[in-house]
Amino acid sequence: YPSLNVTGISPSSQTVISGGVAQRSITLVNAGYGRLSNFVLSDVIGDSDLNLVSTDIGVVSNNEVQISGTDFNGIGNGDDFFDLGETIVITETLTGVSCSDKTITSTFSTSWGCDGEEVISENSYGNTTLDFQSPTLVLSSTESTDACFGSGMNMEQTLSVTNASNGIAVNVSLDIYKSSG
């Protein structure tokens, strides 16, 4: 019968700036004598601030990656099965947003059917630290003004907002008002 094992998570621990994107690779081997036509890799993420966005192979649904058929074509003997001794690498893309520094643990396991019953592997773990960094927004302006203002005189002014830090700024709003003084 098949026996799936997680043999590596790389990186097993990583830091991502809040609002950023990270990738990690999970390596699995079929160490059993049975072949599989499909299996599920579960990534139970310990906090909703970190999200599994996509993988390079398989189909992602609710933090589970369905691996089957053609996903096995690029490994081992190139058929539609996960055979004894074959290794497959699944690369995840993750995003996370947090207003404070926090480390989030993912619990990985695999499951597959065998003789009408579901078999679940031992757990493996990976950590992602979300590093909150405040954005530093700098406002600058350039203008082209005449010495004399009057009716019908248009003056052009350019405002630039620059983030001078590694912190990610989202939903930035800028209030512009006209001063009479």
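Remember, predicted model here, so these are calculated numbers, not experimental data.

### Comments concerning the sheet that holds strand E3 (residues 21-30)
With antiparallel pairing, four strands are arranged side by side in an open sheet as E1-E3-E8-E5. Lying at the two open borders of the sheet, with one neighbouring strand each, are strand E1 (4-10) and strand E5 (50-55). Sheet twist, expressed as the average angle between the axes of neighbouring strands with direction ignored, equals 35 degrees. The sheet contact formed by E3 and strand E8 (residues 87-96) spans nine bridges and is antiparallel. Following the sheet pairing, Leu 28 is matched in E8 by Ile 88.

### Some details on the side chain of Ser 42
Looking at the element boundaries, Ser 42 is found in strand E4 (residues 38-45). Note on Ser 42: relative accessible area 11%, which makes it buried. For Ser 42, the contacting residues outside a window of four places in its chain are Asn 63, Glu 64, Thr 107, Phe 108 and Ser 109.

### As for the packing of aromatic side chains
Applying the stated criterion across every chain, the model contains three aromatic pairs. Three or more aromatic residues joined by ring pairs make a cluster, and in this case those are Phe 39, Phe 72 and Phe 82. A cation over an aromatic ring shows up here: Arg 35 above the ring of Phe 81, its NZ or CZ 4.0 Å from the ring centre.

### Topic: unusual backbone geometry
Residue Pro 11 follows Ser 10 across a cis peptide bond; omega there is -10 degrees. Mapped onto the elements of the fold, Pro 11 is located in the loop between E1 and strand E2 (13-17). Backbone geometry places Asn 62, a non-glycine residue, at a positive phi of 50 degrees. Considering the arrangement of structural elements, one finds Asn 62 in the loop between strand E6 (59-61) and strand E7 (64-68). The exposure class of Asn 62 is exposed, given its relative accessible area of 74%.

The rules we used
Residues numbered from 1 in each chain as written. Predicted model: local features only at pLDDT ≥ 70, side-chain atom pairs only at ≥ 80, totals over all residues. Heavy atoms only, no water. Pairing = 2+ DSSP bridges. Helix = DSSP H or I, 4+ residues; strand = E, 2+ residues; numbered from the N terminus. Axes fitted to C-alpha atoms, helices over the stretch in contact; angles between N-to-C directions. Buried < 20%, exposed > 50% of the residue type's maximum accessible area, 1.4 Å probe, protein only. Contact = heavy atoms within 4.5 Å. Phe/Tyr/Trp six-rings, centres within 6.5 Å; stacked < 30°, edge-to-face > 60°. Lys NZ or Arg CZ within 6 Å of the ring centre and 35° of its normal.

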